[in-house]
Each structure stands twice: as structure tokens, then as C-alpha cells.
Amino acid sequence: MKERIKELGLSLVLPDVIDEEQSAFVQGRLIMDNALIAMECFHWMKKKIKGKRGVMTLKLDMSKAGLLNGQLRCNITPGRGLRQGDHLSPYLFILCVDVRSGLLKKEACDLKIHGTRIARQAPTISHLLFAGDNLLFTRATPQEDDNIMAILHKYQVSSGQVVNLDKSEVSFTRNVCEESMELLRARIGVRFVITHSKYLGLQKDGYGKPIMTLFIAIHVWLLALSFPCPTAISGIA
């Protein structure tokens with residue numbers, strides 16, 4: 001009962017604490033919000049073929065590491081199933097991940113990294129989070145590449161989480177030359193992809209389009225439900 005009370009209290013506070021770039025496990029936010037934004041960014045990157053400034057997208061996979069007395073230890077191989085039934089676990093996890101979001105936002109405010117805008121009036125997006133799933137948007141330059149890696153290193157040392165380079169990937173807008181792509185890819189140590197075909201398990205193209213349309217319709221419907229009835233506003237019974 002006490003755990004349930006703690007869970008309820010924490011869930012009510014999280015919307016005011018967790019950065020807006022996080023869409024998972026936060027009351028009032030839909031888990032597909034960031035997927036919709038990501039798909040629009042991917043589409044914009046695919047169409048961008050002109051301009052002096054190229055953009056790169058890092059899709060990072062974070063591995064969990066074991067800490068013992070503050071020190072990283074070797075890999076742990078479980079001998080039986082692990083139970084994950086603590087209701088507070090997802091809330092505590094995104095509180096920890098929010099530190100990484102804060103570091104990225106600070107660098108963006110200091111103009112050490114620059115996100116992307118898909119239109120002139122659109123907001124700048126430097127990163128998106130879905131629990132531990134990460135998408136980073138930045139200019140395709142060695143300087144911003146180094147700044148991103150410095151942020152990730154700081155977070156890795158403090159949290160025990162490390163980037164799984166084998167599962168992480170990078171893509172670029174089409175106005176970045178192949179030589180620059182390979183240079184930046186090698187500095188990060190991840191594999192290059194032409195485009196991120198999936199995000200949160202959804203296809204970027206093909207049969208993923210009607211799925212995304214369905215989620216947009218659901219989102220609009222839920223937003224409509226959140227507004228009071230017009231008759232109630234006017235006082236008409």
C-alpha cells in the first residue's frame with residue numbers, strides 16, 4: 001500500500017520535473033509523441049539536399065552496467081528469470097535519464113551543440129527520449145561531434161550506463177559529403193545507415209504510415225476529450 005502511495009505521488013510530480021523531451025511514463029504525455037516528431041525529422045533529413053550546414057542524427061542504444069561499491073564490474077549472466085515488478089522502477093529510471101537530457105539542454109543553451117528545425121517557425125530539437133531510447137540531432141561537424149561524446153562520457157561515468165556502439169547508428173542529411181560522413185562516423189565508432197528505418201518499433205516508410213496516421217487520430221481524439229464541453233462553458237444545461 002505504501003509503495004502504491006509513493007507511486008501515485010511521484011507520478012503526479014513528474015510532469016513538472018521531467019524534461020519535455022521525455023515521453024515515456026509521464027502523466028499527460030503519450031508514448032507515441034516522440035515517435036511522431038522523430039518521423040517528421042527523418043522525413044525532413046531525407047529531403048534536405050542543399051545548404052552549407054549538414055545535420056546528423058545519432059540513434060543511441062544504452063547498455064546497463066553493474067555497479068558494486070561505486071565501481072564497474074564484469075558482465076552478470078543471470079541464471080534464472082529476473083522479476084521486474086517494482087512500480088517505482090520506471091519513474092526512478094527516467095529521473096536518472098533526465099540528467100542526460102539536462103546536460104544536452106545546457107550544451108544547446110551554450111550553443112555548443114545545435115539541434116535541427118524542420119521549418120522556419122518550428123522549434124529546435126536537439127534530442128528525443130523514450131525511456132532509455134535516445135535520438136540526438138546536431139550539426140555534422142567535428143566540434144559538435146566531440147561535444148556530444150563528452151556529454152555521453154560524463155553521463156556514463158556518473159550513471160554506470162554505457163553506449164552500446166554495436167547497436168547504435170548514425171545518419172546524415174544528403175548535403176554532407178561522403179568523406180565527412182566517414183570521418184564523423186569513425187570518431188563516434190558507430191555504424192552508418194542511410195536512414196533510420198525504425199523508431200520505437202515503427203517502420204519509417206511503407207506500412208508504418210497508416211499506423212502513424214492512426215496514432216495521430218488517437219492523439220487528437222484524446223486532446224479533444226481533455227477540453228470541457230462547450231455547453232458546460234456557456235452554462236447551458
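In this text the structure is predicted, and so the values were computed from the model without any measurement.

1. Remarks on the confidence of the model for the protein chain
Link 1 in the chain: Looking at the protein chain, pLDDT values average 76 and 68% of them are 70 or higher.
Link 2 in the chain: Per-element averaging of pLDDT across the protein chain places helix 7 (residues 230-234) at the bottom with 40 and strand 8 (residues 169-172) at the top with 92.
Link 3 in the chain: Ignoring residues within four places in sequence, the model shows residues 226-237, a span with pLDDT below 50, making two contacts including any to other chains.

2. A few points about the side chain of Lys-48
Link 1 in the chain: Mapped onto the fold, Lys-48 is located in the loop between helix 2 (33-47) and strand 1 (55-60).
Link 2 in the chain: In this structure, Lys-48 is buried with no salt-bridge partner, the nearest side chain bearing the opposite charge being Glu-144 at 13 Å.
Link 3 in the chain: If we ignore the near neighbours within four places in the chain, the residues touching Lys-48 are Arg-53, Thr-173, Arg-174 and Asn-175.

3. A short note on the environment of Cys-177
Link 1 in the chain: Along the chain, the position of Cys-177 falls in the loop between strand 8 and helix 5 (178-188).
Link 2 in the chain: C-alpha separation for the pair Cys-177 and Gly-54, spaced 123 residues apart in sequence, amounts to 9.0 Å.

4. Observations regarding the sheet that holds strand 9 (residues 191-192)
Link 1 in the chain: In space, the five strands of this open sheet follow the order 5-6-1-8-9, with mixed pairing throughout. The two strands at the open ends of the sheet, each matched to only one other strand, are strand 5 (127-130) and strand 9.
Link 2 in the chain: Strands strand 1, strand 5, strand 6 (133-139) and strand 8 of the sheet are contacted by helix 2, whose axis makes an angle of about 140 degrees with strand 1.
Link 3 in the chain: Here helix 5 sits on the sheet and contacts strand 1, strand 8 and strand 9; the angle it forms with strand 8, its principal contact strand, is near 160 degrees.

5. Looking at the pattern of salt bridges
Link 1 in the chain: Under the defined criterion, the tally for this structure stands at seven salt bridges.
Link 2 in the chain: The residue Lys-105 makes a salt bridge to Glu-21 at a minimum N-O spacing of 3.8 Å. You can see Lys-105 sitting in helix 3 (residues 89-109) and its partner Glu-21 sitting in the loop between helix 1 (2-17) and helix 2, a full 84 residues away along the chain.
Link 3 in the chain: Looking at Lys-105, the relative accessible area reads 29%, which means it is partly exposed.
Link 4 in the chain: Residue class for Glu-21 comes out buried when judged on its relative accessible area of 13%.
Link 5 in the chain: Close ionic contact of Arg-187 with Asp-146 constitutes a salt bridge, the shortest N to O distance being 2.6 Å.

6. A few points about helix 3
Link 1 in the chain: The first and last C-alpha atoms of helix 3 sit 30 Å apart over 21 residues, in line with the 30 Å expected at 1.5 Å per residue.
Link 2 in the chain: Buried within helix 3 we find Tyr-91, Ile-94, Val-97, Asp-98, Arg-100, Ser-101, Leu-104 and Glu-107.
Link 3 in the chain: Downstream of helix 3 by a residue or two, Leu-111 has a phi angle that is positive, lying close to 60 degrees.

7. Structural notes on the packing of helix 4 (residues 142-159) against helix 5
Link 1 in the chain: At a closest axis distance of 10 Å, the pairing of helix 4 and helix 5 adopts a crossing angle of 20 degrees. Taken as axis vectors, helix 4 and helix 5 run roughly parallel relative to one another. Classified by chirality, the crossing of helix 5 by helix 4 is right-handed. Mapping the contact onto sequence places Pro-142, Asp-145, Asp-146 and Met-149 in helix 4 and Leu-184, Arg-187 and Ile-188 in helix 5.
Link 2 in the chain: Tallied by class, the residues present in the contact of helix 4 with helix 5 amount to four nonpolar, no polar and three charged.

8. Some thoughts on helix 5
Link 1 in the chain: Those residues of helix 5 that fall on the buried side of the exposure criterion are Met-181, Leu-184 and Ile-188. Buried positions in helix 5, seen along its axis, are confined to an arc of 75 degrees and lie on one side of it. Within helix 5, the exposed residues directed more than 90 degrees away from the buried face are Glu-178 and Glu-179.
Link 2 in the chain: Buried residues in helix 5 make contact with strand 1, helix 4, strand 8 and strand 9.
Link 3 in the chain: Gly-189, located one to two residues past helix 5, shows a positive phi value of around 90 degrees.

What counts and what doesn't
- Residues numbered from 1 in each chain as written.
- Predicted model: local features only at pLDDT ≥ 70, side-chain atom pairs only at ≥ 80, totals over all residues.
- Heavy atoms only, no water.
- pLDDT = per-residue confidence, 0-100.
- Helix = DSSP H or I, 4+ residues; strand = E, 2+ residues; numbered from the N terminus.
- Contact = heavy atoms within 4.5 Å.
- Buried < 20%, exposed > 50% of the residue type's maximum accessible area, 1.4 Å probe, protein only.
- Lys, Arg positive; Asp, Glu negative; His and termini not counted.
- Salt bridge = Lys/Arg side-chain N within 4 Å of Asp/Glu carboxyl O.
- Pairing = 2+ DSSP bridges.
- Axes fitted to C-alpha atoms, helices over the stretch in contact; angles between N-to-C directions.
- Expected span 1.5 Å × (residues − 1).
- Parallel < 35°, antiparallel > 145°, perpendicular 65-115°, else oblique.
- Left-handed = near helix turned anticlockwise from the far one by under 90°.
- Nonpolar A, V, L, I, M, F, W, Y, C, P; charged D, E, K, R; others polar.
- Arc of directions from axis to C-beta.

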